[in-house]
Structure formats: C-alpha cells, structure tokens
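Now for the letters of each chain:
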Amino acid sequence: MVRRVLALPAGRLAVGILSVIVLLAILGPTLAPHDPLGTSALTLAGPSWEHWLGTDYLGRDVFSRLLAGSRTSVLGSVEVALIALVVGVVPGILSVYFGQVFEWFTLRIADTLIALPFLIYAVAVTALLGNGIPQAMFTVGVLVSPLFYRVARASTLAVARSQYVEAALISGASIGWIARRHVWGKVLPPVAVALAQTIGIGFVVVSSLSFLGIGVQPPAPTWGGLLASDLGYLSYQPWAPAVPALLIMATVWGSNLLADAIRDVSGEAGRALLNSRRVRARRLDPAEPIPAGGVAP
Amino acid sequence: MTRTRSDGTATATVPAARPADPPAGQPPAVPSPAVPSPAVPSPAVAPTTADPQSAAAPPAAQAPALTVRGVRIRDEVNDREIVHGVSFELRPGRAVGIVGESGSGKTLTCRAILGILPAHFAVSAGSIEIAGRDIAGLTTPQWTDLRGSTISAVFQDPASYLNPSLKVGVQIAEVIQVKSGLRRRAARRRALELLTAVHLRDPELVYDQYTFELSGGMLQRVLIATAIAADPQVLIADEATTALDVTVQAEILDLLADLRERNGLALVVVSHDLAVVAQVCDEVLVMREGEVVEHGPTADVLYHPRHEYTRLLIAEHEQYGLDRYLADSDSTTDPDPDPDPEADPHAGIGPVAGEQRKELDDVR
Amino acid sequence: MSADGRPVLQVADLEVHYGLRRRRRRVLHGVSLSVARGETVGVIGETGSGKSTFARAVLGLVRASGGRILIDGEDVSRYSARQWRALRRRGVVQYVFQDPLRSLDPDLPIEESLIEPLLVQGVGRKEAVERGRAYLARVRLDSELFGRLPGELSGGQRQRVAVARVLVTEPALIILDEPVSALDSANRVGILEILKELRDAGVALIFISHDLGSVAGVADRIAVLYQGEFVEVGDARAVISNPRHPYARLLVGSAPTLRSAAASRAERDALRALLHA
Ligand SMILES: Nc1ncnc2c1ncn2[C@@H]1O[C@H](COP(=O)(O)OP(=O)(O)OP(=O)(O)O)[C@@H](O)[C@H]1O
Ligand SMILES: Nc1ncnc2c1ncn2[C@@H]1O[C@H](COP(=O)(O)OP(=O)(O)OP(=O)(O)O)[C@@H](O)[C@H]1O
Ligand SMILES: [Mg+2]
Ligand SMILES: [Mg+2]
C-alpha cells in the first residue's frame, strides 16, 4: 500500500508536505529565533531582516510565533482526529456486529451530537472537565465523531453483509484473512478521507475555541490563533493572515491528497484511475504529461 | 377475485388487482392514480383501446417510442469496438427481444440507450431517439427528467441498483415522490400497491426489509416495481425475470402485457430464455460478438432461423428444453427427444442431429 | 447413474427462522433430504420459498433452529465457528451463490477471487493460478478476462467465474444456486455438461434452479419447495412430467416452452384454487 501510494505523484506530494509539517511540529519551537511571547515596542512592523514576517500588534515576532505554535496546532488537530477516530470509528464498526440495542443507542447518540449547539456544549464540557488543551480536543473530537461513526458504519455494513465475505468464509478463510483481503481496503479509504477533513476542522475549531477562553490560552501561539488575531489588524497588514492560512491550508491539502491517494491506489477506484490514464495517454499519444511531483523528497 | 393480505402463514398468493376486478375499495394496483383510466378495460375487451397486434391504430399515435439506429459502442480503454451496429425501432405497445451469446453486448446496448454506459465506453456511431428526442445532446437534468418517467429499466444484477443500507420500500417511495410528485404518505401507499402488483406475498413486510433480507426473486420484483412506478413509455428488461419461478414469471409477464395494452408500454426484453422471448416479443434480434446476426419477427427468427448461430442457439435450448420432458410423460424411461411431429409445425427447429451440432460448434 | 455409497449430506427435519422477536418468521420447516455421492438433487420451487436459505443452512451461514445436518457423516448442526472453519478448509462442501456480482469482491481481479479458496487451503500461489486458469478455460472464459474486475464483465461471464471458483477446490458436495440463469443456451449446455461429468466422478450436487428444463436434464431426483416445505420429492423425470402436488402442477404448468405457451391466467387461477383448497 505504502509503495503504491508513493508511486502516485499526488501521493509523493502529500507525503512531502506532511513531512515538512511534522518536522515543523517537532523542531519548530526550538528553531524560533525570538521569544514567541516576548513583546516589544515595535508593533505591526513589516518584514525585515530581524523579523522575517514582521511583528504583531504587541510587537511579537510573527515568524517565531508561527514556529512555536506549530507543535500545539498540529498535535491539537491530530488529537482531535484520533479522538474522533476512537469515539466514532470503533462504535461505528461495532454497531454492525453488536445486536440491535447497541445499534439503536449509538445511532441516537450520533444524531444527538449532530444536533447539539456547539458553543453551549463546549462551555458545558469545560465547566465539567476543567479548562485545558486535552479537554478542548476531547470536546471537538467528540463533536465530530458522528461523521466517523457514520462513515465507519456505512463501509463496514457494506462489507460485513456482503456475500464475498461469506464466500471467503465458506472456503475456510479466517477472520484475519478476511480483514486483510476484503475489509481493510474498503473501510480505510473513507475513514482516511474523513480523517483528512477533520484535521482541517481541528485547526480552525481549536483556535475559535480560544476566543471563548477554552483550550489554548491567549498568549500561547497557535496557527489558528495567529490567523484570528491577524484578521483583526487587516487594515494595517492586509497580507499577514496569509502566512498562517497558508500553513493550515497546506496541511489540510496534504492530508486530503494522501487520503485520495489511498483511495485511488486500490480496487475499483484504482482501476478507474488506471483506465483514465490509459485513455488520456492514447489521446495525447507519446507525450505523457510530466507530473507535478517535484516536491517529493 | 378477492385481495388477500397474507400474514405470514400459509395463505394465498396475492393476486394483483386486475382491471377486471370490481373496484373493491381500493383503486386497481397498476394504473397510477395520476392517470385516471376511464372505464378500465378488462384484458378480454382490451382491443377497444389499442391492440398492438392489429396495427390498424391511427398512425399519429404510432410514432416510435424508441429508435436505435446503427449504434456502435467503443471501449476506449482497450481501444476496440464492442458492439458493431444495432438497429431497431420500437412502437408503443410493442416488444422487441434481444437474445444471444453471453458477453455479446446486450447489456451494453441497453445501457447506451439509457445513457449509462460504464466509464470510458462511448457510442461511437449511430443514434438513439427516445420518444422522438435524440439522446446525444441531452444534459444531465434532461436525462434525469427522462429516466424513470419516459424510459426505465430493470437490470441483471438487481442488488447493485438498490442501496443496501436503506429499506427497499423507502427507496421505491422516494422514486415515486420525485417522479410523480406525491406526498410521503401517498407515495408509501402507491409503493405498497406496486409491491402487491408484482405479486410479493407480504408487501408490508417487504417494504420494511433491507436488500440482504430478500431472496433473489423478491429483489428482482422490487426492481420491477420501481421501474414501472412512474408509468414509463419504454421499459428495458435485461434478464428481468431470471430469478423468478415460472409461476411468478408468468404473472409478471401478464402484468407487463397489461401495461402494454393499457398504457402502450413498449418493451425491450433481453433474455436467455427463448421461450419467454417467443411468448412476449413481436420482434427479435440475435446478437453474437457484438454483431446482430439475425433480426426479424419472432416467429420467423425462432421457428425458421436462417443464421447458423441462431440455429445453434435454438438447438442448444432444445437440448435442455422442457418440451422433451413434458412430451414423454408416459415413457419416462426414454428421454429421446422425439417431439410429436403433429405438435411441431416448424420443421426448421427439429432437434439438430449430433453431426450437425458438431458443425455448428465449429461456427462458434 | 451412480447414486450409491453413503450419503454426503443428510438433512433431517431442518427448521430455520429469520429475524428477531416480533419480526421472527419461520422460513424452513420439516425439511429432510439426503444426497449420496454421485447423485444430483434438483431443488425447484417458489421464489422466496427458502431454497437459498436451505443452502445457507447447510453451509453454516445461517443457524438452524431445529433439526440435524450431517455432512460426510458428521453432525454439524452444533458446530462452533472453529469447527466450521476446519471443515470448510478441508474443502468438503462448496456453494455457488445465486448472485455472482455480489459474491465476488468488486475490488479484486477475478483471478484473485478464483484462487482464494486454494490460497486459504495453503496451496502455493503459482500452482493455484495454474489450476484457476484451467478451470476458467473449462467454463469457456477467454484468458484476456482474467485480470478484469467483476464489474467489468458481463452477467454471464461473472456467473461462469462464480462456478469456476467453486470447482477449483474439487469438493465432495456442491450446492449450486441458479448457476445457469445468466447464460445463453450454448454456455448453459457447457456448464450442465460439466455438472454431469462431476456427478459421474462421484461428486454430490444440489442444483437449485428455476429453469425446469436444466434441472430435469441434470438431476436424478427433484425436490419441490413450497412455502418452506418440500411438498414433493421424487424421480426427476416423474416430477416434471407427472407432478402430483398442486403446487408442483402449477409450477410445471406455468413454464413456457419454445413451442407452446404456458398455462393461461385462467388455468393458473384454477390450479391455484386447487392449491388453497
Ligand atoms: N465495465 C466494463 N469494462 C470492460 N469491459 C466490459 C465492461 N462491461 C462489459 N464489458 C465487456 O463488454 C462485452 C459485452 O458485455 P455485455 O455486458 O453487454 O454482455 P451481455 O451481452 O449483456 O452478456 P450477458 O448475457 O453475459 O449478460 C463483454 O465482453 C464484457 O466483458
Ligand atoms: N437475512 C434475512 N433476514 C430476514 N429474512 C430473510 C433473510 N434472508 C432471506 N429472508 C427471507 O427468507 C425467505 C426465503 O428466502 P430465500 O432467499 O431462501 O428464497 P429463495 O427460495 O432462494 O428464493 P429465490 O428463488 O427468489 O432466490 C424470503 O421470504 C426472504 O425474505
Ligand atoms: Mg448482460
Ligand atoms: Mg435464492
């Protein structure tokens, strides 16, 4: 699977982008040239040799804040995705196998979560569990879990009741064999797509929670928080929001590309891709387009 | 005839409300409530409306419902042509049959007519007109408009045309809501009527079942019900009765015959069962490897076949034909296919001798 | 025909229910049948009468709520999942599903689906591919189709793949659920001839079909299933040419043949009245 994903230009691009982001998350805080919290008199300065991306409304170095905030941001959104995965995917799969009562309850809970007003819920959870990043992640993760529940349930339903699984059973295949050969390839792609979306949602939501004083506390930098504060000074530095926005978009784009690549390398979808290529190749004749995959490491 | 609602115990097979039925409370199952059929004729008196056989009907009403002219279908992935020219014309109330080798392109032809060829398959030549409209330039919304209400289809693999995670009844009702503009409750009622019309034993139960809970024949009937839900003018039945027992099949064929007589439904029947084609169709196309090898009135093609392949097809059909076993009811020990010469006015279809079959085999 | 030896399959008083609580319904009841080596039993009957359910019960895909099932002399009715797997891995019994499209993994090339039973049994990949191809050729499938996905085949081609997949393991008992319904008459004859060869080689077959002609041509005995019960079991030719139970008569009477129309509506209604009397 990994090799086939890397064989796709989009797959290489995705892996490239995501590696850079991960590197940022690991090394970012140590690389920051200035104290990300240190204010100065030089507010809202433009880019200079000293401050590559200028300073914000309190005179803090934007570049340092971006680097320092990358770990919190990336970890935060990954945490959101993981919690959603656990809270959503596991019951989603089990709802297919565990009798009707479990199915009924989980379905109703999922419906309720979808209908819940987000802010009220977030405030209530903070009141209950206390304020902090893990709690905020938990809140958001639980809130997006119905998506995972639905996705996992739908794809498992389709596979579990399928006759090709029964056919494999009749031939004496073990559960492990069936999972590897028939289930894995069908549940993974939709879950991966949902995961990629959630990572994007994670960035934005975590920072919007900061407005309410939930989760990340104001001075601590995050990409989403930077974006939000930059937006407030749009008239002074119209270009400023572009940088954090770009980082967020790159991450989301990278995850989506990876999810699509995972979907595209297997089974029917993979065949469709192959077929389109062959048809295109025939139309264009010898000149195969050079893929824009130069970013790959 | 009384309508019996079976409650799971061994009771009546629900006979569809025939138009001949006295209107006992409920309207007849088949005609849409949207189309009030004045003085519904009984099948026996049907010729008053339109008898497809005596084609003396006013020529104005006889514009073809479906015209297929020299359609060729190309597989662009492997760069080869799969169907090499199919032509036929179908008038309202008539039925054309397509028979032939497995893999000869029958299903692809049907899909081309509906504009749902698989990706990278394309009609490379010829034209298709549905109710006088050339389908070549149709936009997606126009197609959506056309499918279901003007032309609809029942395909070979019923399960793949239904959503496995929705109740089948809900899916039929949805089609009705969209196509006939009925409200939810009315759509449900109509869906139940349709399920009754296709002779499902317990429509209420089936309405609430999922595809995996239905037998092959039940699924197929659910699809037939969906296909006729919006009173189409043309129905494509691609192996639509293969999963049905012959009794239910006969009933479904009767239902379609009723629709042909009453609503002028035109049928395209794809089937491997030559007996069904012989019974239903006015005209037959025989396909082999993408080629139409023979085309003509049913009686001519099936009883006086010209092309060697048609002869082979019929001979092989006869080899396991029911006639053999019904004929020798008193001499059960001797399965010799010796059909009663008097019962066989068509010398052309006598069983092919071994020698001759060899020859035919070489043709393949 | 060699209908001798000990039975491969013995089913006694089988009862099967579907659904839970309020929706629980009995689908099969009091079904008994035994099939010997080298014997072919045809099962015909109403749609929805429980033919596929019977097959699924024998294969352990649905749990019987009553009765006994003996495969090769072993009582499998109370088998655990592990025991079933051991039995299945020996390749004693195989099943051709009614719907070929659904019984093939849409994401696997047909060749992969075909060799799966062999791989599960521990046959090496190379040998498995070889054997798989031989059987695909035997059901007259072109070798250029081997790498296609099931969705890229015609209905009849898929059906032949499904049959070939079952043949590769050379089981002692095969249940075929409508194995020829999507085939033109020439290909149908091809498959039926294969079935006859298998039978002569001592394989026990249960042949479920709505095509009365095929069943009559291949089966030694025919069982007629109606509303979950075998209403008539007897010599194949006798059941077709001289059915006794009203449903069997209705069924045989409704079959159209190339030369004669089936019973008319009125005739069928009369037979049905008899059935409900
Ligand atoms: N999606 C597809 N991709 C590639 N080839 C296809 C696809 N669908 C059909 N074919 C090929 O096109 C040919 C015609 O297929 P089609 O389904 O029309 O046959 P058919 O006449 O309906 O046969 P059958 O009676 O077996 O259903 C077959 O050889 C088939 O393998
Ligand atoms: N998983 C299921 N859950 C509930 N009911 C089921 C299930 N599977 C089958 N049934 C019901 O059991 C009955 C018998 O179904 P079965 O598939 O055995 O019929 P069949 O004789 O094979 O019919 P056909 O000839 O149409 O294939 C049907 O009424 C069907 O609705
Ligand atoms: Mg077809
Ligand atoms: Mg069945």
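Residues numbered from 1 in each chain as written. Chains lettered and ligands numbered in written order. Predicted model: local features only at pLDDT ≥ 70, side-chain atom pairs only at ≥ 80, totals over all residues. Heavy atoms only, no water.

A. Molecular detail of the coordination of the magnesium ion (ligand 3). Residues and elements named next belong to chain B. Protein coordination at the magnesium ion (ligand 3) comes from Thr107 (OG1) and Gln156 (OE1), with a distance range of 1.9 to 2.5 Å. Taken together, the residues threonine 107 in helix H1 (residues 106-114) and glutamine 156 in the loop between strand S6 (151-154) and helix H3 (168-180) connect sequence positions 49 residues apart. Judged by relative accessible area, glutamine 156 falls into the buried class, the value being 15%. (Donors = N, O, S within 2.8 Å, 3.2 Å for Na, K, Ca; no water. Helix = DSSP H or I, 4+ residues; strand = E, 2+ residues; numbered from the N terminus. Buried < 20%, exposed > 50% of the residue type's maximum accessible area, 1.4 Å probe, protein only.)

B. Layout of the interface of chain C and chain A. Tallying the contact residues gives 31 residues for chain C and 20 residues for chain A. Summed over the three residues of chain C that lose the most area to chain A, namely Arg88(C), Asp107(C) and Glu116(C), the buried surface amounts to 22% of that side. Between Glu166(A) and Arg56(C) there is a salt bridge, with its nearest N and O atoms 2.7 Å apart. Inspection of the region where chain C meets chain A yields 10 residue pairs in polar contact (both at pLDDT 80 or more). Secondary structure elements with two or more residues in the side of chain C that touches chain A: helix H2 (81-89), strand S6 (93-96) and helix H3 (110-120) of chain C. Among the elements that take part in the side of chain C that touches chain A, H3(C) stands out by supplying five residues, more than any other. Residue composition of the side of chain C that touches chain A, grouped by class: 14 nonpolar, three polar and 14 charged. (Contact = heavy atoms within 4.5 Å. Buried area = accessible area lost by both parts, 1.4 Å probe. Salt bridge = Lys/Arg side-chain N within 4 Å of Asp/Glu carboxyl O. Polar contact = N/O pair within 3.5 Å; in protein donor to acceptor, adjacent residues only side chain to side chain. Nonpolar A, V, L, I, M, F, W, Y, C, P; charged D, E, K, R; others polar.)

C. Molecular detail of the side chain of Ser209(C). Residues and elements named next belong to chain C. For serine 209, the location among the structural elements is in the loop between strand S8 (204-208) and helix H7 (212-218). Serine 209 gets classed as buried once you look at its relative accessible area, which sits at 1%. Among the polar contacts listed, one links the side chain of serine 209 to the backbone nitrogen of aspartate 211, at a separation of 2.9 Å.

D. Broad picture of the coordination of the magnesium ion (ligand 4). Residues and elements named next belong to chain C. Bound to the magnesium ion (ligand 4) are the protein donor atoms Ser52 (OG) and Gln98 (OE1), situated 1.9 to 2.2 Å from the metal. Taken together, the positions of serine 52 in helix H1 (residues 51-58) and glutamine 98 in the loop between S6 and H3 put the pair 46 residues apart, joining distant regions of the chain. Both residues of the pair, serine 52 and glutamine 98, count as buried.

E. Inspection of the packing of helix H6 (residues 216-228) of chain B against helix H7 (residues 246-263) of chain B at higher detail. All names here are of chain B. Remark: H6 packs on H7, axes separated minimally by 12 Å, with the N-to-C direction vectors making an angle of 5°. As far as their axial angle goes, H7 and H6 are roughly parallel. Facing H6, whose interface residues are Arg221, Ile224 and Ile228, H7 presents Val248, Ile252, Leu255 and Leu259. Its residues placed into classes, the contact of H6 with H7 shows six nonpolar, no polar and one charged. (Axes fitted to C-alpha atoms, helices over the stretch in contact; angles between N-to-C directions. Parallel < 35°, antiparallel > 145°, perpendicular 65-115°, else oblique.)

F. Quick peek at the site of ligand 2. Taken together, 20 residues form the shell around ligand 2, and within it Gly217(B), Gly48(C), Lys51(C), Ser52(C) and Thr53(C) come nearest. Mapping the residues near ligand 2 onto chains gives chains B and C. The backbone of Gly216(B) places a nitrogen or oxygen atom 3.4 Å from an oxygen atom of ligand 2. In this structure, an oxygen atom belonging to ligand 2 sits 2.9 Å away from a side-chain N or O atom of His210(C). Relative to its unbound accessible surface of 640 Å², ligand 2 loses 90% to contact with the protein. For the shell around ligand 2, the secondary-structure elements that each account for two or more residues are H6 of chain B together with strand S2 (25-36) and H1 of chain C. (Near = heavy atom within 4 Å. Areas by Shrake-Rupley, 256 points an atom, 1.4 Å probe, with all protein chains shown as cover.)

G. Geometry of the sheet that holds strand S5 (residues 133-134) of chain B. Residue and element names in this part refer to chain B. Within the open sheet, the four strands sit side by side as S2-S1-S4-S5. Their pairing is antiparallel. Only two strands of the sheet have a single partner each, and these edge strands are strand S2 (80-90) and S5. Examined bridge by bridge, strand S1 (residues 66-75) and strand S4 (residues 121-130) share eight bridges and lie antiparallel to one another. The partner of aspartate 75 across the bridge, within S4, is phenylalanine 121. (Pairing = 2+ DSSP bridges.)

H. Examining the pattern of salt bridges more closely. Overall, the coordinates contain 32 salt bridges over all chains when judged by the stated rule. Arg150(A) is paired through a salt bridge with Asp111(A); the nearest N and O atoms lie 2.7 Å apart. Linking Arg150(A) in helix H6 (residues 133-160) with Asp111(A) in helix H4 (residues 100-115), this pair joins segments that are 39 residues apart in sequence. For Glu144(C), the salt bridge goes to Arg80(B), with nearest N and O atoms at 3.5 Å. Of this pair, Glu144(C) sits in the loop between helix H4 (125-138) and helix H5 (155-167) while Arg80(B) is found in strand S2, placing the two residues in two different chains. Classification of Glu144(C) as partly exposed rests on a relative accessible area of 48%. Three or more residues are tied together by salt bridges with common partners; here these are Arg181(A), Glu112(C), Glu116(C) and Arg125(C).

I. Summary view of the confidence of the model for chain C. Across chain C, the average pLDDT comes to 89, with 97% of residues at or above 70. The ipTM assigned to the predicted complex is 0.90, against a pTM of 0.79. (pLDDT = per-residue confidence, 0-100.)

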